[in-house]
Amino acid sequence: MRKGLLVVVSAASGAGKSTLCRLLLQRRKNLKFSVSATTRLPRPGEKDGREYFFLSDAAFRAMRARGDLVEWARVHDHLYGTPKAFLSLMRARGKDVLLDLDVQGALAVKRRYPEAVLIFVRTPRFADLKKRLRSRLSETETQIRRRLKTARKELRLARRYDYQVINDRVPRALKQLDAILKTEAKLKETDHG
Ligand code: 5GP
């Protein structure tokens, strides 16, 4: 059985990444979402075990100390990490895995699994990102400013990604993501005969 694809999607928050990931998961039944562990609090509508495993600081650190995380990073004052068990299990079953990670996490995954496919989702213009972040209303002005600063740094590191997808229209961006996965799956087949 072929080992599944490892697909990492990053974006500055507000670039529409969560929506795209959700739609991509609906469209590709063989693609499974890697639910990360985090120490941040759930936002309204988020469910433990679906968007994240919401952990206390101590529980997160214990997980990390046991070596149960593939990678971890501090993002906006909270800890985020990718559980190892789910990733290994899904890949062993031939499933493709989708990871929604920040840039540090994505590059760490690439170091550990060079076959990982890194996709960066961006807005057409930086101004759009500002607008989308402001319209979300779930963050304070300070939080927004901090996120924009991170976004600038991330855009510089995004050059190391395998693909860049511009999210100007959701259906078009979704099609592009789907095409990337198809191409990568084909490449994998040819590589392994
Ligand atoms: P949010 O708190 O808005 O859901 O996510 C903040 C950032 O953390 C996003 O850029 C998201 O991609 C990133 N993130 C989520 N889970 C992980 C993870 O397991 N590892 C790393 N490195 N970043 C993560």
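Here, the structure is the one placed above.
A short tour of the structure in this document, coming up. (Residues numbered from 1 in each chain as written. Predicted model: local features only at pLDDT ≥ 70, side-chain atom pairs only at ≥ 80, totals over all residues. Heavy atoms only, no water.)

1. Looking at the pattern of salt bridges
Next, step 1: Summed over the entire model, instances satisfying the criterion amount to 14 salt bridges.
Next, step 2: The salt bridge partner of E141 is R134, with a shortest N-O separation of 2.6 Å.
Next, step 3: E141 gets classed as partly exposed once you look at its relative accessible area, which sits at 36%.
Next, step 4: On the basis of relative accessibility, which here comes to 38%, the residue R134 falls in the partly exposed class.
Next, step 5: Salt bridges here are not isolated pairs; linked through shared partners, they connect R27, R28, D178 and K182. (Salt bridge = Lys/Arg side-chain N within 4 Å of Asp/Glu carboxyl O. Buried < 20%, exposed > 50% of the residue type's maximum accessible area, 1.4 Å probe, protein only.)

2. Considerations on a positive patch on the surface
Next, step 1: There is a patch of like positive charges on the surface, built from K149, K153, R156 and R159.
Next, step 2: Exposure remark for K153: the relative accessible area of 49% places this residue in the partly exposed category. (Patch = residues over 30% accessible without salt bridge, like charges linked within 9 Å, V, L, I, M, F, W, Y side chains within 5 Å. Areas by Shrake-Rupley, 256 points an atom, 1.4 Å probe, with all protein chains shown as cover. Lys, Arg positive; Asp, Glu negative; His and termini not counted. Charge placed at Lys NZ, Arg CZ, Asp CG, Glu CD.)

3. A few points about the site of the ligand
Next, step 1: Taken together, 16 residues sit near the ligand, with S36, R40, Y52, Y80 and D100 positioned nearest.
Next, step 2: Taking S36, its side chain carries an N or O atom lying 2.6 Å from an oxygen atom of the ligand.
Next, step 3: One nitrogen or oxygen atom from the side chain of R43 is found 2.9 Å from an oxygen atom belonging to the ligand.
Next, step 4: Taking 510 Å² as the accessible area of the ligand by itself, protein coverage stands at 93%.
Next, step 5: For the shell around the ligand, the secondary structure elements donating two or more residues are β5 (69-75) and β6 (78-83). (Near = heavy atom within 4 Å. Polar contact = N/O pair within 3.5 Å; in protein donor to acceptor, adjacent residues only side chain to side chain. Helix = DSSP H or I, 4+ residues; strand = E, 2+ residues; numbered from the N terminus.)

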